[in-house]
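# A look at the structure
Read off the chains here:
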Amino acid sequence: MDQRKILLVEDEENLHDALKLNLELEGYEVSSAYDGSSAVKAVQAEYFDLIILDVMLPEMDGINVTETIRLANNEVPILILSAKN
């Protein structure tokens, strides 16, 4: 079976690195984006099995990233991370 590809979109470096390491240890191929604009560009450029997306991001927040992806009819599953209550 091919390795599953995940796009991890998180601007807080320590959290990003910890999540990426754990996902890679579980056998996933992880691509990184640290802001919303980079996330949208990554999704337009390649296929992902899952996107793990922070809500509070620089340049474009996670909600706008999600809307942009969905408007392009991309049905990739998106898991939202949030520290908001």
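Only a predicted model underlies this, so the values are computations on that prediction, with no experimental measurement involved. (Residues numbered from 1 in each chain as written. Predicted model: local features only at pLDDT ≥ 70, side-chain atom pairs only at ≥ 80, totals over all residues. Heavy atoms only, no water.)

In this section: the packing of aromatic side chains. Counted according to the given criterion, the structure contains 0 aromatic pairs. Of note, lysine 5 hangs over the ring of phenylalanine 48, and the distance from its end group to the ring centre comes to 5.6 Å. (Phe/Tyr/Trp six-rings, centres within 6.5 Å; stacked < 30°, edge-to-face > 60°. Lys NZ or Arg CZ within 6 Å of the ring centre and 35° of its normal.)

Structurally, isoleucine 63 can be placed in helix H3 (residues 62–71). A C-alpha to C-alpha distance of 9.4 Å links isoleucine 63 and glycine 36, two positions 27 residues apart in sequence. (Helix = DSSP H or I, 4+ residues; strand = E, 2+ residues; numbered from the N terminus.)

Here we take up helix H1 (residues 13–25). An ideal rise of 1.5 Å per residue puts 18 Å on 13 residues; H1 measures up with 18 Å between its terminal C-alpha atoms. Two or three places before asparagine 14, at the opening of H1, glutamate 12 has a side-chain oxygen 3.1 Å from that residue's backbone nitrogen. (Expected span 1.5 Å × (residues − 1). Polar contact = N/O pair within 3.5 Å; in protein donor to acceptor, adjacent residues only side chain to side chain.)

To continue, consider the environment of tyrosine 28. Checked against the element boundaries, tyrosine 28 lands in the loop between H1 and strand S2 (29–33). Using a relative accessible area of 33% as the deciding quantity, one classes tyrosine 28 as partly exposed. A C-alpha to C-alpha distance of 19 Å links tyrosine 28 and glutamate 13, two positions 15 residues apart in sequence. In this structure tyrosine 28 touches Gln3, Arg4, Ile6 and Leu23, once residues within four positions along its chain are discounted. (Buried < 20%, exposed > 50% of the residue type's maximum accessible area, 1.4 Å probe, protein only. Contact = heavy atoms within 4.5 Å.)

With that settled, the discussion passes to the nonpolar core. One finds Leu7, Val9, Ile51, Leu53 and Ile69 to be the most contacted residues of the largest nonpolar core, which totals 15 residues. Counting only elements with at least two residues in this core, the list comes to strand S1 (5–9), helix H2 (36–45), strand S3 (50–54) and H3. Per-element tally for this core: the top contributor is H2, with 4 residues. Ignoring sequence-local partners within four residues, the contact set of isoleucine 69 consists of Val43, Ile51, Asn74, Val76 and Ile78. Core analysis: the second largest hydrophobic core is formed by 5 residues, Ile6, Leu8, Val30 and Ile52 among them. (Core = buried A, V, L, I, M, F, W, Y, C linked by side-chain atoms within 4.5 Å.)

Another point: a negative patch on the surface. Together, Asp11, Glu12, Glu13 and Asp17 give the surface a local cluster of negative charge. Position of glutamate 12 among the secondary structure elements: in the loop between S1 and H1. On the basis of relative accessible area, glutamate 12 is assigned to the partly exposed category, the value being 39%. (Patch = residues over 30% accessible without salt bridge, like charges linked within 9 Å, V, L, I, M, F, W, Y side chains within 5 Å. Areas by Shrake-Rupley, 256 points an atom, 1.4 Å probe, with all protein chains shown as cover. Salt bridge = Lys/Arg side-chain N within 4 Å of Asp/Glu carboxyl O. Lys, Arg positive; Asp, Glu negative; His and termini not counted. Charge placed at Lys NZ, Arg CZ, Asp CG, Glu CD.)

At their nearest, the axes of H2 and H3 sit 9 Å apart, and the two run at 20 degrees to each other. Relative to H3, H2 is oriented roughly parallel. The two elements H2 and H3 meet at a crossing, and its hand is right-handed. On the side of H2, the interface is formed by Gly36, Ala39, Val40 and Val43, while H3 contributes Val65, Thr68 and Ile69. Among the residues forming the contact of H2 with H3, the class breakdown is 5 nonpolar, 2 polar and no charged. (Axes fitted to C-alpha atoms, helices over the stretch in contact; angles between N-to-C directions. Parallel < 35°, antiparallel > 145°, perpendicular 65-115°, else oblique. Left-handed = near helix turned anticlockwise from the far one by under 90°. Nonpolar A, V, L, I, M, F, W, Y, C, P; charged D, E, K, R; others polar.)

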